[in-house]
Amino acid sequence: MDFETMQTMQKELHERYLEKWGPLSPELGKELLLWMIGEAGEVADIMKKQGNRKILEDKETHQHFVEELCDVLMYLNDIMLCYSISPKELEKTYTEKHHWNLNRW
């Protein structure tokens with residue numbers, strides 16, 4: 001799945017709950033960043049409490065880990081939408097950053 005598909009899905013989700021969540025905007029983006037950090041904390045908790053081996057070998061733990069990572073990606077896509085960051089812009093900047101990091105040291 002690519003970011004364009006994920007953003008389309010997030011737009012659909014946001015439209016369904018627009019009255020409850022409000023419009024996608026930079027103001028909402030700040031709040032969503034905090035929620036994303038909370039979800040990243042849940043990912044870290046699984047790593048800390050369950051350990052790498054259980055994440056890799058226990059089907060239930062692995063699935064929970066993937067679900068929490070999906071929550072992080074959902075919030076990331078929402079934040080991108082709030083700040084009008086397109087998948088193409090992200091791809092371009094990601095590629096540039098990758099090349100910079102390849103030659104960093």
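Residues numbered from 1 in each chain as written. Predicted model: local features only at pLDDT ≥ 70, side-chain atom pairs only at ≥ 80, totals over all residues. Heavy atoms only, no water.

## Re the overall build of the chain
When its secondary structure is counted, the chain shows 5 helices and 0 strands. The secondary structure elements of the chain, listed N-terminal to C-terminal, are α-α-α-α-α. The proportion of buried residues among the 105 residues of the chain is 26%. Considering only contacts within the chain whose residues lie at least 6 apart along the sequence, 66% involve residues at least 24 apart. Accessible area of the chain: about 8400 Å², with a carbon and sulfur share of 58%. The average position of the 13 basic charges and that of the 20 acidic charges among the side chains of the chain differ by 6 Å. (Helix = DSSP H or I, 4+ residues; strand = E, 2+ residues; numbered from the N terminus. Buried < 20%, exposed > 50% of the residue type's maximum accessible area, 1.4 Å probe, protein only. Contact = heavy atoms within 4.5 Å. Areas by Shrake-Rupley, 256 points an atom, 1.4 Å probe, with all protein chains shown as cover. Lys, Arg positive; Asp, Glu negative; His and termini not counted. Charge placed at Lys NZ, Arg CZ, Asp CG, Glu CD.)

## Description of the nonpolar core
Ranked by size, the top nonpolar core spans 11 residues in total: Leu 28, Leu 32, Met 36, Val 43, Ile 46, Ile 55, Phe 65, Val 72, Tyr 75, Ile 79 and Cys 82. Contributions of two or more residues to this core are made by helix 3 (26-57) and helix 4 (59-82). Looking at this core element by element, the count peaks at 6 residues for helix 3. Excluding anything up to four places from it in sequence, Ile 79 contacts Gly 29, Leu 32, Leu 33 and Met 36. (Core = buried A, V, L, I, M, F, W, Y, C linked by side-chain atoms within 4.5 Å.)

## Here's the deal with the packing of aromatic side chains
Summed over the entire model, instances satisfying the criterion amount to 1 aromatic pair. Where Tyr 17 meets Trp 21, the ring centres are 5.0 Å apart and the plane angle is 35 degrees; that geometry is what we call tilted. Given a relative accessible area of 35%, Tyr 17 falls into the partly exposed group. A relative accessible area of 36% places Trp 21 in the partly exposed class. (Phe/Tyr/Trp six-rings, centres within 6.5 Å; stacked < 30°, edge-to-face > 60°.)

## Section: the environment of Gly 41
By the element assignment, Gly 41 lies in helix 3. Gly 41 gets classed as partly exposed once you look at its relative accessible area, which sits at 29%. Through-space distance from the C-alpha of Gly 41 to that of Val 72 is 9.6 Å; in sequence the pair is 31 residues apart.

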